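Now for the letters of each chain:
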Amino acid sequence: MYNTRIVDESALNEVIEALQKGELVAVPTETVYGLAADITQEEALKNIFKVKGRPSDNPLIVHLASIEEVPKYVKSFPLLAKRLFERFSPGPLTLVLEKREGLSDLVSAGLPTIALRIPAHPLFSKLLKKGNLALAAPSANLSGFPSPTSAKHCYQDLQGKIPFILEGGSSEIGIESTVVRLNAPYLELLRPGHISSTDLENFLKQYVQEEQEVWSFKNLVTQKLKGDETPASPGMKYRHYAPKAEVSPYALETKEIVLEGLEDRLLAKNKKALHLVVVKPQELPEHLAQRLSQIQQGLQGKVELSLTYLDFPFSITEEKKIQIEGASKCLYAYLKKADDLGADMIVVPHFDKEDRQAEAYHNRLFKACGR
Ligand code: TXA
Ligand code: MG
């Protein structure tokens, strides 16, 4: 049992020493907080799986200080990978490349590949540079629960299990990195993130033209698996990101019926009093207001229904990109908040399902709904 301390930059040396000794530390990144271990510390790597309750076949992302570090971890560093890192790093891009011999099998869960990312959060970057470290770090949540986007979230999940949580403010992006694999001649999307499939496709088109290499983009996230096929990214097969409260999505922009059958699903919980959390833009959209009052009327006399509203940091009059970024930044925090409030259900808006800018947000939201 540890007396877990939330520390800031002034304790950076202590944090570095702890990591070098094989301890685990929760660290801030621009996507979500990570649970970090020095990749040369076999026991620490094992502990990541233990502490998180993470299945041992789910490999870890290794975080590096700069592009110059990459060759130490890969068998070869293809030009496309170099260019991708140059274009999108430091930042929320993870590349899966062929792994160099001699690195721990725990990191890659026995796969011949390794996932590498160069994070942008200034404090995490400083930690990697100052400690001359390569840090394996999954998201710092217990397996199956929403990823932490603040030091407080890490504390809730990992209190007593690790010595330090490095405070770095709330994560700017709020959703995990985009994971892509180089599998010539394909650039394969394994997990959508802030860098969208459109960004990647546009980049690749230009690269192919300039370098005269043959590559095409393949989205393995939207591809349905057949029969006994295994997913390219082991992490994709697990139910993820789910809070205890039931999550119900509603369309933010359409006139279609929203929250269909919600009354029945609430009644099926067989409780006298129910707590519903409603996540919305700054204003309450008309179609949602109408539907909520219909639900309240429908349940009157049957259960006592209480409502809590949580606002996403955007207005529906703002640009779509700003709306999606605001929703992404707060999604996990609000899912967790619903649990803190002891909510039975949380309803959360989705955007146009075809909108590629929202692909990562939708991916996490619908997984949280158990779909
Ligand atoms: O933004 C992020 O990526 C955060 C922060 C902490 O950097 N980390 C994160 O790690 O989300 P984690 O462990 O929660 O997710 C890693 C994902 C999993 O889906 C895993 O299966 C996949 O990356 N992955 C890791 N190594 C892989 C490999 N060699 N081949 C295929 N997928 C891999
Ligand atoms: Mg995770």
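Worth saying up front: this structure is predicted, and the values here are computed from it rather than measured.

Caption draft 1: Structural view of the overall build of the chain. Helix and strand counts for the chain come out as 11 helices and 15 strands. Computed over C-alpha atoms, the radius of gyration of the chain comes to 21 Å, within 12% of the 21 Å expected from 2.2 N^0.38 for 371 residues, which places it in the range of a compact globule. Each of the three principal axes of the chain carries a C-alpha extent, and together these read 65 × 55 × 40 Å. Residues counted as buried form 56% of the 371 residues belonging to the chain. Across the chain, every contact between residues at least 6 apart in sequence was considered, and the portion connecting residues at least 24 apart equals 73%. Summed over all atoms, the accessible surface of the chain reaches about 16,900 Å², with 48% contributed by carbon and sulfur.

Caption draft 2: Geometry of the sheet that holds strand E1 (residues 5–7). If you walk across this open sheet you meet the 11 strands as E1-E8-E2-E3-E7-E4-E6-E5-E9-E10-E11, and the pairing is mixed. The open sheet has two edge strands, E1 and strand E11 (216–219), and neither has a second partner. Where strand E2 (residues 25–27) lies against strand E8 (residues 164–166), two bridges are found, and the strand directions are parallel. For Val25, the partnering residue across the bridge sits in E8 and is Phe164. Of the strands in this sheet, strand E3 (34–38) and strand E7 (135–136) are in contact with helix H2 (residues 42–52), which crosses E3 at around 155°. Along the sheet, helix H7 (residues 197–211) makes contact with strand E5 (93–98), strand E9 (178–183), strand E10 (186–191) and E11, crossing E11 at roughly 165°.

Caption draft 3: Seen up close, H2. Those residues of H2 that sit buried are Ala44, Leu45, Ile48, Phe49, Val51 and Lys52. Structurally, H2 contributes buried residues whose contacts are with E3, helix H4 (105–108), E7 and helix H6 (151–158). One or two positions beyond H2, positive phi appears at Gly53, with a value near 70°.

Caption draft 4: The arrangement of the environment of Arg181 in detail. Among the secondary structure elements, Arg181 is positioned in strand E9. Residues Arg181 and Ala115, spaced 66 residues apart in sequence, show a C-alpha to C-alpha distance of 8.3 Å. A polar contact of 2.7 Å, which involves the side chain of Arg181, links it to the side chain of Glu188.

Caption draft 5: Just the packing of aromatic side chains, in detail. Evaluated as defined, the whole model comprises eight aromatic pairs. Between Phe314 and Phe351 the ring centres are 6.3 Å apart and the planes differ by 40°, which places this aromatic pair in the tilted class. Here the residue Phe314 occupies a position in the loop between strand E14 (304–311) and helix H10 (320–340), and Phe351 occupies one in the loop between strand E15 (345–350) and helix H11 (359–368), the gap between them amounting to 37 residues. An aromatic cluster of at least three residues, connected via ring pairs, comprises Phe312, Phe314, Tyr334, Phe351 and Tyr361. Lying across the ring of Tyr186, Lys218 places its NZ or CZ 4.0 Å from the centre.

Caption draft 6: Spotlight on the environment of Val27. Secondary-structure assignment places Val27 in strand E2. Linking Val27 and Leu123, residues 96 residues apart in sequence, is a C-alpha distance of 8.7 Å. Setting aside residues no more than four positions away along its own chain, Val27 makes contact with Tyr33, Gly34, Ala36, Phe124, Leu127 and Leu166.

Caption draft 7: Spotlight on the pattern of salt bridges. Evaluation of the coordinates by the stated rule reveals 21 salt bridges. The closest approach of N and O atoms between Glu172 and Lys329, which form a salt bridge, is 3.9 Å. Of this pair, Glu172 sits in the loop between E8 and E9 while Lys329 sits in helix H10, and the two are 157 residues apart along the sequence. You can call Lys329 partly exposed: its relative accessible area is 27%. A salt bridge links Glu201 to Arg356; the nearest nitrogen and oxygen atoms lie 2.6 Å apart. You can see Glu201 sitting in helix H7 and its partner Arg356 sitting in the loop between E15 and H11, a full 155 residues away along the chain. On the accessibility criterion, Arg356 (38% relative accessible area) is partly exposed. Several salt bridges converge on common partners, so that one network encompasses Arg83, Glu86 and Glu211.

Caption draft 8: The arrangement of the sheet that holds strand E12 (residues 246–251) in detail. Strands sit in the order E12-E15-E13-E14 across an open sheet of four strands; the sheet is parallel. Lying at the two open borders of the sheet, with one neighbouring strand each, are E12 and E14. Averaged over all neighbouring strand pairs, the angle between strand axes comes to 25°, with direction disregarded. With six bridges connecting them, E12 and E15 associate as parallel partners. Following the sheet pairing, Tyr250 is matched in E15 by Pro349. Against the sheet, H10 touches E12, strand E13 (273–280), E14 and E15, its axis set at about 160° to E15. Its contacts with the sheet put H11 on E12 and E15, and the angle it makes with E15 is roughly 155°.

Caption draft 9: The nonpolar core, seen in detail. Judged by nonpolar contacts, the single largest core of 51 residues is most densely connected at Leu84 and Leu116. In contact with Leu116, other than residues within four places in its own chain, are Ile61, Val62, Leu64, Val70, Tyr73, Val74, Phe85, Leu93, Thr94, Leu95 and Leu97. Counting 46 residues, the second-largest nonpolar core is a separate cluster that includes Leu305, Phe314, Ile324 and Ala338.

How each quantity is defined
Residues numbered from 1 in each chain as written. Chains lettered and ligands numbered in written order. Predicted model: local features only at pLDDT ≥ 70, side-chain atom pairs only at ≥ 80, totals over all residues. Heavy atoms only, no water. Helix = DSSP H or I, 4+ residues; strand = E, 2+ residues; numbered from the N terminus. Rg over C-alpha atoms; globule rule 2.2 N^0.38 Å. Buried < 20%, exposed > 50% of the residue type's maximum accessible area, 1.4 Å probe, protein only. Contact = heavy atoms within 4.5 Å. Areas by Shrake-Rupley, 256 points an atom, 1.4 Å probe, with all protein chains shown as cover. Pairing = 2+ DSSP bridges. Axes fitted to C-alpha atoms, helices over the stretch in contact; angles between N-to-C directions. Polar contact = N/O pair within 3.5 Å; in protein donor to acceptor, adjacent residues only side chain to side chain. Phe/Tyr/Trp six-rings, centres within 6.5 Å; stacked < 30°, edge-to-face > 60°. Lys NZ or Arg CZ within 6 Å of the ring centre and 35° of its normal. Salt bridge = Lys/Arg side-chain N within 4 Å of Asp/Glu carboxyl O. Core = buried A, V, L, I, M, F, W, Y, C linked by side-chain atoms within 4.5 Å.

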